[in-house]
Structure formats: C-alpha cells, structure tokens
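# Working through the structure, step by step
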Amino acid sequence: MRISLKWLQELVDVAISPEELAETLTMAGFEVEEIEDRRPWASGVVLGKIIACEQHPNADKLRVCQVDVGSSEALNIVCGAPNARADIYVPVAVVGTYLSTIDLKIKPAKLRGVPSEGMICSLAELGLSKESAGIHIFELENPELGSDIRPLLGLDDVILDLTATANRADALSMVGVAREVAALTGASLRIPEANGVAIEGKESPGLAVEISEPQGCPIYIGTAIEGVKIAASPAWLQQRLQAAGVRPINNVVDVTNYILLEWGQPLHAFDRDRLQSFTGTQDISIGVRFAKTGESFKTLDGQNRNLQAQNLLITASDKPVALAGVMGGEDTEVHEGTQNLVLEAAIFDQATIRRSARAQGLRSEASIRYERGVNQAALATACNRAVALILELAGGTATVQKTASSGDDLSFSRSLELRLDRVNLVLGQLKRAETGGSKYLEPEEVKNILIALGCEVVPTEKERVFAITVPPYRYRDLEREIDLIEEVARLHGYDNFCDTLPSKTEPGYLSPEYAAIRNVRSAFRAAGLTELMHYSLVKTEGDNQVVLANPLFVEYSALRTEMLSGLIDAFQYNLEQGNGALNGFEVGRIFWKDGDAMKEADAVAGIIGGDPTVWKWQQSGRDRPLTWFEAKGVLESVFQELGLAVQYQSDSSNTRLHPGRTAALSLNGKHLGVFGQLHPQLQQEKDLPEQVYVFQLDLAVLLGELGRSSNLTRKFAGYSSFPASDRDIAFFAPVEVPVVEMQSAMKKAAGSLLDSVELFDEYRGDNVPAGQRSLAFRLVYRAGDRTLSESDVEPAQQKVRDVLVEKFGVSLRS
C-alpha cells in the first residue's frame, strides 16, 4: 500500500525523517520497498499568471507569453502548449530550476529568435502524469503569485510503498498504519471521528435488506441518499487518491475509495434510479446470495461474466447487480446524471470472497482486503464517515438506512492470558544486560508495549500473569499467547535481543528415511535414468480419483492415481520435439479413494525405451530396439546396487501393458510393483517405438526393506584368491516354472560352495517338447581357503541335478 506521509501526519505526530520511519516500519515487520520523495520534483517551480499571450512571429505552433511570477518584471516565456492564453494561473519553472522527473535544467534560451526566460509546466513535466495535452491551469480564488506550487499539487509529500504480511489486514489502511506508527514511536494518535449521520426518513421509495447467506455475509448496511450532484472531487481528495495510486472519477466514487484507503473498509455506491429501472420496481430489496447456474452479468470493467456457484452476489429484487466484495455491475454504476444513491457497507467472509474472485480470475482493491479480513468493528464508523463526506461534497439527504445481521456474536472481543515467564523464555535475554541492565523484559515494559498496541492489560490472581483484552481491529490477528509474545518482540525491537546460539546444539543430519530415498534416487541415476518431475494434478477421468473442491486449474482438478500416464506422455512429447527416446524415473505421490476414505502413498516409477548403445556406427546410425531382458537388466542393476533380492512373477492384470511381457515384482513376500512392456495397442495410439518399458514400485515397501538392520550397514566380504570351478547344466523345463524359483532351489541345494548361478541360454522351438523350453545355467563354485577339486564340486552339482528333477520335473540334457 502507498502511504502518503502528509496524510499520515494528520493522523499521528510523525517527528522523524521519512528514512527513519521507513527503517522503523521495516524492522517492525512492514517492509518499505520504496521511498518516493516528491518534494524535489517541482523545487523552484512557482505560481505565475499569464498576463499576455501573442503568436510567435516565426512559428505557427508557438506563443510568446508575458508571465507575472510576483517579481518586479514579467518574464518573457515562449510556450508551445495549445491551451496557453491570457489571464490563467500556471506553474512556472524559472531559470535555474531543475526538473528531476524529465532531467531538465531551465536555462535562458532563444526559440526561433525570441528569448525565453523559463518554462510553463504541464503535469507530465512535474511527474504527476505520463502524458499531458497542455500546460496545467490552476483554479484558485486568492492566488499568491511567486509562491511554491508544491502544496497546490500535493508535491510537498513523501510516499512510502509499504508491504504488509498476510496476517496484518489492518495495515491496508491509513488508520491501521497510523496506529502502528503511534505504537512504535509513542506519538499522539488522532483517529478521524465519524459522528452519527442524521437519517431524515422523509417519504421515499422503500429500501429493504435481506441476507440469505449469513455465513458469507454476516452484516450488510444499505443507506439511501437522495438529491446528490455528481461533480469532480476537490483537489485535496484527488491528490490523496493519486498519491495512493487510485484514479479520481467523481465525488461519490472518490469518497468510497477514500474510505477504503482510510479505514480499509470497501464500500460501493449504486445508482438508485438505475436499480429501480433494472428491477422494474420502486421498492428495492437488496439481497446477498450465491449465483445460480447459467447466470451472468457485466462488471464495471465492461466484461460480461458467466457466474459460477461459488460467486457470492449482491442482488436487487433477486437480480445480480454486483460481485460481492469484488466489483460492482456496469448497469447500476454511478454516472454523471446520478441523483439518488444506495450506499453499500458490508462484511464478507474471507474464504468466500477468495473463492469468488479466483473463480472469475478477478482481483480488486476491495477483494484484497476482504480476503485478508477487514475490521468488522469499524464498519459502522466507516459507513457513517462515508455518508457524511458524500453529503458534504455532493449534497443530498440521507433518507433511509437499513441493516441486516446474521445475529451471531459480533462483539469482536477476545481475552488471552500472557505469562511473563513465557515471554522471557521465548524471547531470551536482552543486549542491555551486557552493559549492566536487566537481563529480561520487566513486567512494566511488557504492559506498556501492549497498551501502546491498544490492548487492555489487567494483572490476574496468578503471579506474573496478565489478562489481555485484544482490540477489535486486531481481532483476526491476535489469537494466541504466542501472538502477543511476537508483538512484544516486534515493538521492543528484534535487534535488542541477544543473538547468541543456545548452549546445547546438535549437528544436523538426514533422517534414515530421507537418506534411504537419496540412495534410491542415486541408484536409478547410476543406472542411466534421468530424474523427472510432474505435477500431481491431472484431468478428471476415473471414479476412484480424489477431486479438488477448489482447483487452481479447472482442466486439472484431480490428483493422480498412478504415475505411468505422465511418464508415457513425457516420452511421447520428447519424441515429438526431436529430443529422442526418454529413459527416466520419478519419485512422487499418488492418491486414490477407497470407498469414502481418501488415501495416498509414495511411489517410484520409470520409463525405459532408448537405445542403450552410445556409438551407433555398428548399426549404420540406426537405433536398436531395447529388448525386454535389457530393460529388466537396468532395473535389476538398481536392485543390486541397493542390495535387494526382488522376485519376478508373470502378470497380465494391467491392461496398458503387454500381457505376455509383464511381471509382478515382490520383495520378501510383499507386493513391490509392476514392470513390463507397453501394450502394442497403446504403443500404436501414442505413435511410440515398438519396445517401451515402464515400471511402478511402492516406495514404502522399498524403504521398509532398506531400513532392515541387515541392509542399514553394508558388510565387507573378502575376495577369494583361489581359482573358481564352473559347471554348466542344461535341461528341458515346463514353461510355467519361473527361472527365479529354479535359481533359488539350486543355490540352496549346492550349499556354501556355490558362488553364483546364471542363466545364459533359453530356446523354444524345434526339438523342444511342447509346453517346455530349453534352459542352460552356469554354476560357479569357489572356496576362500583352497582350490576346489572334482570331489568337492561333483557332490554339490549332483544335488543340484536331483533337486531340479524332483521339485520341478525337468529333463536333464547334460
């Protein structure tokens, strides 16, 4: 918010410089982003009167003016403005003046042979507008020629661009900032008074207010004003609005904007005659309700808006006339011919206005304040002050005022207990202790700080405990004891507390779970996969999806139930962009509905489809399709790096994967996930390479196994210095028997001498019995203390043969 120092000084005695004030506010939690000192903009510019104006003898578009600036002789100034004429009062930059906004120093000059001793200025040249059609003309009753023009244009001011945190809605008003400055500096505070406005109640069309959504609008005040005259606002009001970055419109609208800036209370003025014409009735019934399906209306910005169910509306005879708390309607706006008004002053629910504004993609000065929460206790004060100003500046009579309330407790009062020992425990020692002062804040200091904030402080029966009554304008902010402690620290000054570290410190470390996740990521990257990241938001498609009630994007309003879809789309996108095949993985979270319950889990998923060979000159530059076993090998290398023994079982339950090339993964009897090739139909739909493989694993199962004591610390095993002895075994085995089960049985039968067992050949076709396949394994035997002999290896090898025949019914070939 832009804070006018001149306006602020009317509310509180500011005796320090703008720079010191900005530093004080920033250290108190209100960041001052910019100090705009307007005083140098027109330094040396004085008020003058053009006493004569003649055509330039050598230029059609120039005029020669005689300008009286209160000195003994009139100045001869050449001017090119089309509105220059005699008997007008203008700003004059005399010789020697520096106009900082346009970087120009005024010097004596000759223009087309005529001397010029200054410059008659426009508002653009004084920094008050971007463009000007001509010089500025003052409308003054008792002008003092030669006087400084800065007070006349509001250029004797300094603007502070202040940013308040979201919890400090009171700082979005001049009164709120004035209260804060008074608390920080101890200066006297002068809050504008709003005496009761006389409602004359003479005969006029009826006005009624009815709230059908009390939760969205707890209070609504409607005031009818008759006989107003729309005109331009006085200069002081326009200057204050312009200093705050608000464009002046007319006296009525400017008053509502002025109260918005002064009290932080949004107001809206309706043209009463337009309301009556719009509704087709003389008796106006103002209502508050949510929009119905199919409704629309045009807002003040000229846009026709299709309303949604979360839009809260102001209605007249049930017809929408404004987006409540956001923006009024074009059909009922105040215009030059307006004579009768209905002034709205209301409190709207924060969350309701936030949803309504977001649904329309519209934010206004009013909605920003309602979203943060306005001071409900000041509603009547702001309303009465606005009515008084409208009557003063636009004339007229206040005839009817109707108030509707939800009937809930509207006292806006809260009492809290503050323990002084807790204050000192949280805030710590003071720096003044280093010079002999007290170590901690004294009770009287805490009391004075809270009183300066507007709190009522009363000692309780408990020792060193205060009972604090929060002021109404901080009702939304000060809710707990810790909030009061924060205020004490803020006003006393954070830099006045010791900044030593606690005596007992502990170095930071990674939690076991996070360290395990790091290891998982590292293993996948080491296998050559790129880590990817996708949004959790997807399109609404399945019945078991978790759908957001208030999504950021309507088209992405549900949470993902699995991660493979995003990876497949990313693979397709990279191909379309010419980036080649994508080998990647992602660690993320999935969500789903189980009946009425909503559940979530962490998962790791990946996609593999790129050519594993780096140099392709062996294939004449062509990509080689990745085989199922090569893709499985990538995944197995990850498991080997993590020290996990994963089992594979044939699976055809996933309709997006190839039914004959999909495996269900398990880990110590727990379902880990799925790995397989994309279904040919899906591959054709997406126009992907023939062989693309995906996997999705349950991260909780993975981390659970990594967290077992046997996997927390890797154990070193010494290498044997003796040679190995290897044996091959080949046999016909039923197709349905998994290789992993046979490998496990062979390891168990051979005992400790067996170092490794690997499948090196599989064949199906001619000379192989139906329903079977030919498998060949290489078994490597090794001992750590001797070279193995035939008598050592052969008994173990025979046990392997026996178990294969007995358990799996194989037919040995060797």
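What you are looking at is a predicted structure, and each value in this text was computed from that prediction instead of being measured. Per chain, residue numbering runs from 1 following the sequence as it is written. Reporting in this predicted model follows two pLDDT cut-offs: at least 70 for local features of residues, and 80 or more for side-chain atom pairs to be given and counted; totals over whole chains, interfaces and linings ignore these cut-offs and use all residues. Here the side-chain values reflect all heavy atoms present in the structure, with hydrogen atoms and water set aside.

## Here we look at the overall build of the protein
Condition: Strands here mean DSSP runs of E at least two residues long; helices mean DSSP runs of H or I at least four residues long; both are numbered from the N terminus. Note on contacts: a residue pair is in contact if any heavy atoms of the two residues lie within 4.5 Å. For accessible areas, the Shrake-Rupley method is used with a probe of radius 1.4 Å. Any residue's cover is judged against the shown protein chains and nothing else. All tallies of charge rest on Lys and Arg as positive and Asp and Glu as negative; His and the ends of each chain are not included. In this description, the location of a charge corresponds to atom NZ of lysine, CZ of arginine, CG of aspartate or CD of glutamate.
Per the secondary structure count, the protein includes 21 helices and 39 strands. Taking the principal axes of its C-alpha atoms as reference, the protein extends roughly 130 × 85 × 70 Å. Partitioning the intrachain contacts of the protein with sequence separation of at least 6 by distance along the chain shows that 67% fall at a separation of at least 24. For the protein, the accessible area works out to roughly 41700 Å², and carbon and sulfur atoms hold 48% of it. Within the protein, the 110 negative side-chain charges are centred at a point lying 4 Å from the centre of the 81 positive side-chain charges.

## Side note on the sheet that holds strand β25 (residues 456-459)
Applicable threshold: Two strands pair under a simple rule: DSSP has to find at least two bridges between them. Axis angles are defined between N-to-C directions and span 0 to 180 degrees, where every axis is a line fitted to C-alpha atoms and, for a helix, only to the segment in contact.
Pairing is antiparallel across the open sheet formed by three strands, whose spatial order is β24-β26-β25. Of all strands in the sheet, those with a lone pairing partner are β24 (414-419) and β25, marking the two edges. When the angles between neighbouring strand axes are averaged without regard to direction, this sheet yields 25°. Pairing of β24 with strand β26 (residues 465-470), which is carried by six bridges, proceeds in the antiparallel orientation. Following the sheet pairing, Ser 415 is matched in β26 by Thr 469. The strands that helix α13 (residues 481-492) touches are β24 and β26; relative to β24, the one it contacts most, it runs at about 70°.

## Examining the side chain of Ser 116
Note the cut-off: Throughout, exposure labels follow a simple rule: accessible area from a 1.4 Å probe, protein chains only, divided by the maximum for the residue type, with under 20% read as buried, over 50% as exposed, and the rest as partly exposed. Any pair of nitrogen or oxygen atoms within 3.5 Å is treated as a polar contact; in protein, a donor-acceptor pairing is required on top of that, and neighbouring residues in sequence qualify only through side-chain atoms on both sides.
Tracing the sequence through the fold places Ser 116 in strand β10 (residues 114-116). Classification of Ser 116 by relative accessible area gives buried; the value is 5%. Within the local environment of Ser 116, its side chain forms a polar contact with the backbone nitrogen of Val 78, the two atoms lying 3.1 Å apart. Within the local environment of Ser 116, its side chain forms a polar contact with the backbone oxygen of Gly 118, the two atoms lying 3.3 Å apart.

## Some details on the sheet that holds strand β3 (residues 45-55)
Judged by pairing direction, the sheet is antiparallel, and its five strands sit side by side in the order β5-β4-β3-β6-β11 without closing on themselves. Every other strand in the sheet has two partners, leaving β5 (75-79) and β11 (118-120) as the edge strands with one partner each. The sheet shows a mean angle of 45° between the axes of neighbouring strands, direction not considered.

## With respect to α13
In an α-helix, one turn spans 3.6 residues, which is why side chains three or four residues apart end up on the same side. Stated precisely, the cut-off is as follows: To estimate how far a helix should extend, the number of its residues minus one is multiplied by 1.5 Å.
Here α13 contains twelve residues, and its C-alpha end-to-end distance of 17 Å stays within 8% of the 16 Å for a straight helix at 1.5 Å per residue. With nine of twelve residues buried, α13 is to be regarded as a mostly interior element. Here α13 has its buried residues at Glu 481, Asp 483, Leu 484, Ile 485, Glu 487, Val 488, Ala 489, Arg 490 and Leu 491. Residues of α13 that are buried sit in contact with α4 (174-185), β24, α11 (420-427), α12 (443-452) and β26. Looking one or two places after α13, you find Gly 493, whose phi comes out positive at around 110°.

## Description of the environment of Thr 381
Tracing the backbone through its elements, the reader meets Thr 381 in helix α10 (residues 379-394). When the C-alpha atoms of Thr 381 and Glu 193 are compared, they prove to be 8.0 Å apart, with 188 residues separating the residues in sequence. Apart from residues lying up to four places away in sequence, Thr 381 is in contact with Ala 194 and Trp 263.

## Considerations on α11
As a reminder, the rule being used: The directions considered for the arc are those from the helix axis to the C-beta atoms.
Leu 420, Val 423, Asn 424 and Leu 427 are the residues of α11 that are buried. Taken around the axis of α11, the buried residues stretch over an arc of 90°, which confines them to a single face. Tucked inside the fold, the buried residues of α11 contact β24, α12, β26 and α13. Gly 428 sits one or two positions beyond α11 and adopts a positive phi of about 85°.

## Examining the packing of helix α6 (residues 251-263) against α10
For clarity, the cut-off: For a crossing to be left-handed, the near helix must be turned anticlockwise from the far one by less than a right angle; the clockwise case is right-handed.
Closest axis-to-axis distance for the α6/α10 pair is 9 Å, and the angle between their directions is 145°. The chirality of how α6 crosses α10 is right-handed. Contacts from Asn 251, Val 252, Val 255, Tyr 258, Ile 259, Glu 262 and Trp 263 in α6 reach Thr 381, Ala 382, Arg 385, Ala 386, Leu 389, Ile 390, Leu 393 and Ala 394 in α10.

## Some words on the packing of aromatic side chains
This is how the line gets drawn: For Phe, Tyr and Trp, where Trp contributes only its six-membered ring, two rings pair if their centres lie within 6.5 Å, and the inter-plane angle classes them as stacked under 30 degrees, edge-to-face over 60, or tilted in between. By definition here, charges over rings are those cases where NZ of Lys or CZ of Arg is within 6 Å of the ring centre and within 35 degrees of the ring normal.
Scanning the model with the defined rule gives nine aromatic pairs in all. Between Trp 628 and Phe 675, the ring centres sit 5.4 Å apart and the planes meet at 55°, which makes this aromatic pair tilted. With a gap of 47 residues between them, Trp 628 in helix α16 (residues 628-642) and Phe 675 in strand β34 (residues 670-678) connect regions that are remote in the sequence. As far as burial versus exposure is concerned, Trp 628 and Phe 675 are alike and both buried. Members of the aromatic cluster, connected to one another through ring pairs, are Trp 628, Phe 629, Phe 675 and Tyr 693. Lying over the aromatic face of Tyr 648, Lys 632 brings its terminal NZ or CZ to 4.4 Å of the ring centre. In this structure, Arg 813 packs its charged tip against the face of Phe 732, placed 5.5 Å from the ring centre.

## Quick look at the nonpolar core
General note: in soluble globular proteins, nonpolar side chains tend to be found buried as a group. Definition in use: As used here, the term nonpolar core means buried Ala, Val, Leu, Ile, Met, Phe, Trp, Tyr and Cys residues forming a set that is joined through side-chain atoms within 4.5 Å.
Counting residues in hydrophobic clusters, the biggest one holds 93 residues, and the most contacted among them are Leu 8, Tyr 220, Ile 259, Ile 314, Phe 348 and Ile 390. Considering every element that reaches this core, the biggest residue donor is α10, with eight residues. Among all residues touching Leu 8, those that are not within four sequence positions of it are Ile 3, Val 14, Leu 21, Met 174, Val 177, Ala 178 and Val 181. Formed by 34 residues, the second largest nonpolar core is a distinct cluster that contains Ala 631, Val 634, Val 638 and Tyr 648.

That's the geometry; what it means functionally is another story.
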